[in-house]
Amino acid sequence: MPVSFPAAGRWIAGSGPTLQTINPATGALTAELGTPTDTEVAVTCEAARQAAQHPAWRRMKPHQRAALLHRIADELARSGETLAQLQMVENGKSLKECRAQAASAAATFRYYAAVCETIEAATPPSRGEYVNFTLHQPYGVVAAITPWNSPLTMEAQKVAPALAAGNAVILKPSEITTLPALELARICERAGLPAGLLSVLPGHGRDVGAALINHSAIGMISFTGGTATGRMIAETAARRLIPAALELGGKSPHIIFADADLDAACASVLDGIFEGMGQSCVAGSRLFVQRGVHDAVIERLRVAAQTLRIGPPEAAETQLGPLASMAHRDRVESYVALARSEGGRIVAGGSRPDGLDCERGAYYLPTIIAGLSNAARVCREEIFGPVLCVIPFDDEADLVRQANDTVYGLACGIWSQDFRRAWRMAEAIEAGTVWINTYKQLSIAAPFGGFKESGLGREKGLTGLRLYQQVKSIYVATA
Ligand code: NDP
């Protein structure tokens, strides 16, 4: 009996084709899930439209909505271990990282509870005999579409602010990682979220995802995933004239100047690319090193990469689990083969590890490649795996030219002890997030999103709630 899903206020098995999720560490079947047909997607959308318009939800006071979000956060915190295990058996991330992401999901709901209760609207200066103020109202039904790399955090980052803003949400998780979204829906139900306000529709993006975003009830799309898919979603949104927030891919530069604290910089570079096996949108996948310290940095990284402990994700000592699927490992391997054919020198990794069952588990060694220019395909395309390309630079101008020579603009890390220089670089690099002498420091309170083809709109922070609302200007005559 396939796992059921919440649609239109009740849990159904769905009449669409069954979906299977696989544990990438063992190759074993994790779950068989029901999926909806187009008709069931449409019924869910209509029910969400009604749920969003119900006066009890529309008129709920901000402090009451905040109390509900706090109850969801409490339930999330209580279910942290279950959520972490569900994510781990579907995407293979280490249990330690999954636990941290479950905790961050609870914190996200708490943050948006606080924002929802305290955020204020504007009263623009009056230019006549009237008072003018702004009202922020929900779009109605939000379609949230998420990828497989960090479903716990991404889904909380969409569902919490969208509900805080007063919408109903229909979540379409990645076909690879569906169980965390279903558990989130159960948790919201236990916390008292009224029926129909959060539905989860498992299935393939091209079927269920496409049917969802094309339905007339959907008033806004919030998407995280690859740039090619994001472009298709944007085309649909443009045709339907509805807003779409797009968090897309990256090929982020991590930069080491010769005056940097090399110990700290190298440790951060390794975490920045290899944590989560490089399956992170902000992975620092292009390392630019000032020529004077280029060889020394490569040697440090080579030695340190070999000490990273790769193994079963549930083992306490494991730092790196498998990749999220066999198909994804094939893709990573084909990129490393491409790097070799482009003349790259494999400094570390470049193969599957010994001593692990790589026939059943999608394991791959953390890989460092030198000797390629920024023009090489592996330096231009998002690999989304544990592959770091090291590129030398001469001076600031050379660095800015190379670092910005990419279609992406998601993140950047700068290591230098000269604060003025770091600041100049932070201003010059085209990226939505810049870290100076740190990397992957993330906060739910800070806006997050991409420049260029890395996305449109900003999630998180106060703007992360406004993303799910439209503004109404009201004028009241005083004369
Ligand atoms: P995809 O773009 O392949 O898929 C993302 C989601 O979109 C999945 O749920 C997918 O469904 C769905 N989808 C696919 N096609 C359609 C369609 N035609 N209509 C509606 N939905 C569709 O990305 P991945 O899942 O492979 O995730 C990796 C990508 O995500 C990387 O490029 C990465 O950079 C990006 N990412 C960006 C982040 C950011 O914040 N900027 C954060 C994390 C990841 P299904 O898979 O079920 O077919």
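None of the values given here were measured: they were computed from a predicted structure. Counting starts from 1 at the beginning of each chain's written sequence and moves along it residue by residue. Residues qualify for local features only when their pLDDT is at least 70, as the model is predicted, and side-chain atom pairs are given and counted only at 80 or more; totals for whole chains, interfaces and linings, by contrast, use all residues. Note that the side-chain values use all heavy atoms of the structure and ignore hydrogens as well as water.

J.: Pulling in residues and values, what's your account of the pairing of strand S11 (residues 253-256)?
T.: Only protein chains enter the area calculation, which uses a 1.4 Å probe; residues under 20% of their type maximum are buried, those over 50% are exposed, and those in between are partly exposed. To qualify as a helix, a DSSP run of H or I must reach at least 4 residues; to qualify as a strand, a run of E must reach at least 2; elements of each kind are numbered from the N terminus. Burial of the side chains of S11 extends over both faces: Pro253 and Ile255 are buried on one face and His254 and Ile256 on the other. Two strands pair under a simple rule: DSSP has to find at least two bridges between them. Bridge count between S11 and strand S12 (residues 286-290): four bridges; the pairing is parallel. The partner of Ile255 across the bridge, within S12, is Phe288. If you view a crossover with the strands going away from you and the path from the first strand over the helix to the second runs clockwise, you call it right-handed. For the crossover from S11 across helix H10 (residues 262-274) to S12, the handedness is right-handed. Relative to strand S17 (residues 411-415), S11 runs parallel, the two being bridged by three bridges. Counted as the bridge partner of Ile256 is Trp415 from S17.

J.: So, the site of the ligand: which residues are in play, and what are the values?
T.: Around the ligand there are 30 residues in total, and Lys172, Glu175, Thr229, Leu248 and Glu382 lie nearest to it. As used in this structure description, the phrase polar contact means that two N or O atoms lie within 3.5 Å; if the pair is within protein, one of them must be able to donate a hydrogen and the other to accept it, and residues adjacent in sequence are counted only when both atoms belong to side chains. Separating an oxygen atom of the ligand from a side-chain N or O atom of Thr229 is a distance of 2.7 Å. Within the backbone of Leu248, one N or O atom sits 2.6 Å away from a nitrogen atom of the ligand. In isolation the ligand exposes 910 Å². Once the protein is present, 87% of that is buried. Among the elements of the structure, helix H8 (205-213), strand S9 (218-224) and helix H9 (227-240) are those that each provide at least two residues to the shell around the ligand. For this classification, Asp, Glu, Lys and Arg are treated as charged, while Ala, Val, Leu, Ile, Met, Phe, Trp, Tyr, Cys and Pro are nonpolar and the rest, including Gly, are polar. Here the shell around the ligand is built from residues that sort into 14 nonpolar, 12 polar and four charged. A single heavy atom is enough: if one lies within 4 Å of a molecule or strand, its residue is considered near that molecule or strand. Shrake-Rupley sampling with a 1.4 Å probe provides the accessible areas, and residues are treated as covered by the protein chains on show and by no other component.

J.: How would you summarise helix H15 (residues 419-428) if you had to cite specific residues and measurements?
T.: For the α-helix, the turn length of 3.6 residues means that residues three or four positions removed from each other point alike. Buried residues of H15: Arg421, Ala422, Met425 and Ala426, and no others. Buried residues of H15, seen end-on, are gathered within an arc of 140 degrees and therefore sit on one face of the element. Opposite the buried face of H15, by more than 90 degrees, sit the exposed residues Phe419, Arg420 and Glu427. Contact partners of the buried residues in H15: S12, helix H14 (396-403), S17 and strand S18 (433-436). For H15, the N-terminal cap is Asp418; the gap from its side-chain oxygen to the backbone nitrogen of Arg420 is 3.0 Å. The reported arc concerns the directions from the helix axis to the C-beta atoms and nothing else. What makes two residues a contact is simply this: any of their non-hydrogen atoms within 4.5 Å.

J.: Please give an account of the packing of aromatic side chains that cites residues and values.
T.: Any two rings among Phe, Tyr and Trp, with Trp reduced to its six-membered ring, count as a pair given centres within 6.5 Å; such a pair is stacked if its planes are under 30 degrees apart, edge-to-face if over 60, and tilted if neither. Inspection of every chain in the model, using the stated rule, returns five aromatic pairs. Measuring from centroid to centroid gives 5.0 Å for Tyr111 and Tyr112, while their planes differ by 85 degrees, and the two rings are edge-to-face. Across this residue pair, the class does not change: Tyr111 and Tyr112 are buried. Over the face of the ring belonging to Trp57 we find Arg65, whose NZ or CZ atom lies 4.3 Å from the ring centre. Any Lys NZ or Arg CZ that is within 6 Å of a ring centre and within 35 degrees of that ring's normal is treated as a charge sitting over the ring. Lys460 extends its terminal NZ or CZ atom over the ring of Phe448, reaching a point 5.2 Å from the ring centre.

J.: Just give me the short version of empty space enclosed by the protein, but keep the residues and values in it.
T.: Think of a 1 Å grid over the protein atoms and nothing else: a 1.4 Å probe that fits but is trapped marks a cavity, an open set flanked by protein within 12 Å on at least five of seven lines marks a pocket, and residues with an atom within 4 Å of a point count as lining. Grid points are joined across faces, edges and corners, and a volume is the space filled by probe spheres set on the points. Overall, the coordinates contain four cavities of 30 Å³ or more when judged by the stated rule. Approximately 80 Å³ is the volume found for the largest cavity. Taken together, 13 residues form the lining of the largest cavity, with Gly278, Ala283, Ser285, Glu382 and Phe384 sitting closest to its centre. Looking at the lining of the largest cavity residue by residue, the class counts come to six nonpolar, five polar and two charged. Roughly 60 Å³ of internal volume is contained in the second largest cavity. Residue lining of the second largest cavity: Leu76, Leu83, Ala105, Pro151, Leu152, Glu155, Ala156, Pro180, Ala181 and Leu184, and that is the complete set. Broken down by secondary-structure element, the contributors of at least two residues to the lining of the second largest cavity are helix H6 (151-164) and helix H7 (179-190). Its residues placed into classes, the lining of the second largest cavity shows nine nonpolar, no polar and one charged.

J.: Just give me the short version of the environment of Glu275, but keep the residues and values in it.
T.: With respect to the helices and strands, the residue Glu275 is situated in the loop between H10 and S12. With relative accessibility at 37%, the residue Glu275 sits in the partly exposed group. Put simply, Glu275 and Val378 are 103 residues apart on the chain and 19 Å apart in space, counted from C-alpha to C-alpha. Leaving out residues up to four positions away in the same chain, Glu275 has contacts with Glu97, Leu270, Leu320 and Lys440. Only 3.0 Å separates the side chain of Glu275 from the side chain of Lys440, close enough to count as a polar contact.

J.: Explain the domain arrangement of the chain to me, and be specific about the residues and the numbers.
T.: Domain delimitation follows an automatic or database domain assignment. The domains assigned to the chain are domain 1 (5-248 + 454-477) and domain 2 (253-443). Once you take the C-alpha centre of each, domain 1 and domain 2 turn out to be 31 Å apart. Across the boundary between the two partners, domain 1 contributes 20 residues, which contact 26 residues of domain 2. Taken together, the connections running from domain 1 to domain 2 amount to seven residue pairs in polar contact (both at pLDDT 80 or more). When contributions to the side of domain 1 that touches domain 2 are tallied by element, the ones reaching two or more residues are helix H4 (80-91) and helix H5 (95-118). The element contributing the most residues to the side of domain 1 that touches domain 2 is H4, with three residues. Taken together, the residues of the side of domain 1 that touches domain 2 sort by class into seven nonpolar, eight polar and five charged.

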